[in-house]
Amino acid sequence: MSRSGTLVALSPHLDDAVFSIGAFLHLEARRGTGVRVVTVFANDPAATGPAGSWDAMCGFASAGAAARARRTEDRRACAVIGAEPHWLAYGDESYGRPTDDDDVWRAIQGAVAGCSLLVVPGFPLRQADHAWLAELVLRRRTELPFALGFYAEQPYARAALARGQKALAPSRLEFERVPTAASDRLTKVRAAAQYRSQLRALGMSRLVRTFAEEWLRGGELLALPS
Ligand SMILES: [Zn+2]
């Protein structure tokens, strides 16, 4: 992409973009591209209710405490990558996803304004929040005045591919492994380690296998416009 431009990665939750394409984002930042990670379901740090099912599994006592801690982790991870974090306070599915699509879309438009390339989740889209977000972006695609690409969501994509599923992008674009330097892939591992609260619940071995495979194959899976 143009080195003067801005790359925005749309992340459903606080960790998806870094787990999926942290090395690619670091490569772009290193080359002088402005990199922003916009997390849509970053939940509400001021919430006073109990933790949702996922946050409770991660050991959090309340919804607000989980949102605050997970944002701190995201801030650290983005700093390692060289990206600017941006959070939208929508609740994920465990808190009852927002029902007003137009409202979410307006917030996303504001957060991605001025970018030259937007990348969004594209495979396997089995997690409900991921699928909802990708569907929203595709439905409103014509309102985006810039290029749109997709990334394979990790560690889920690796598991789907291992089961024999073919990586298909929700458009005519094709997934390819985008080469990164060893230093980018190492930086990704350092950044991913910042999401301490998520590592156990997601499964350390799944993540390690995913990052090891990316290491051996030399990059991450993206479907980018030419
Ligand atoms: Zn997610």
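Up top is the structure these notes are about.
Residues numbered from 1 in each chain as written. Predicted model: local features only at pLDDT ≥ 70, side-chain atom pairs only at ≥ 80, totals over all residues. Heavy atoms only, no water.

K.L.:
Which parts of the structure should I look at to understand the pattern of salt bridges?
P.N.:
Any two side chains of opposite charge can pair, on the condition that their charged atoms come close. Across all of its chains, the model carries 13 salt bridges by this definition. One salt bridge connects R177 with E213, and the closest N-O pair in it is separated by 3.9 Å. Placement of R177 in strand β6 (residues 176-179) and of E213 in helix α9 (residues 204-217) is noted, with a sequence separation of 36 residues between them. Since its relative accessible area comes to 26%, R177 is described here as partly exposed. A relative accessible area of 24% means that E213 is categorised as partly exposed. The salt bridge partner of K188 is E220, with a shortest N-O separation of 2.9 Å. Pair noted here: K188 is in helix α7 (residues 182-192) and E220 is in strand β7 (residues 219-223), with a separation of 32 residues, a long-range link. With respect to burial, K188 and E220 carry one shared label: buried. Several salt bridges share partner residues, and in doing so they unite E93, R97 and D129 into one network. (Salt bridge = Lys/Arg side-chain N within 4 Å of Asp/Glu carboxyl O. Helix = DSSP H or I, 4+ residues; strand = E, 2+ residues; numbered from the N terminus. Buried < 20%, exposed > 50% of the residue type's maximum accessible area, 1.4 Å probe, protein only.)

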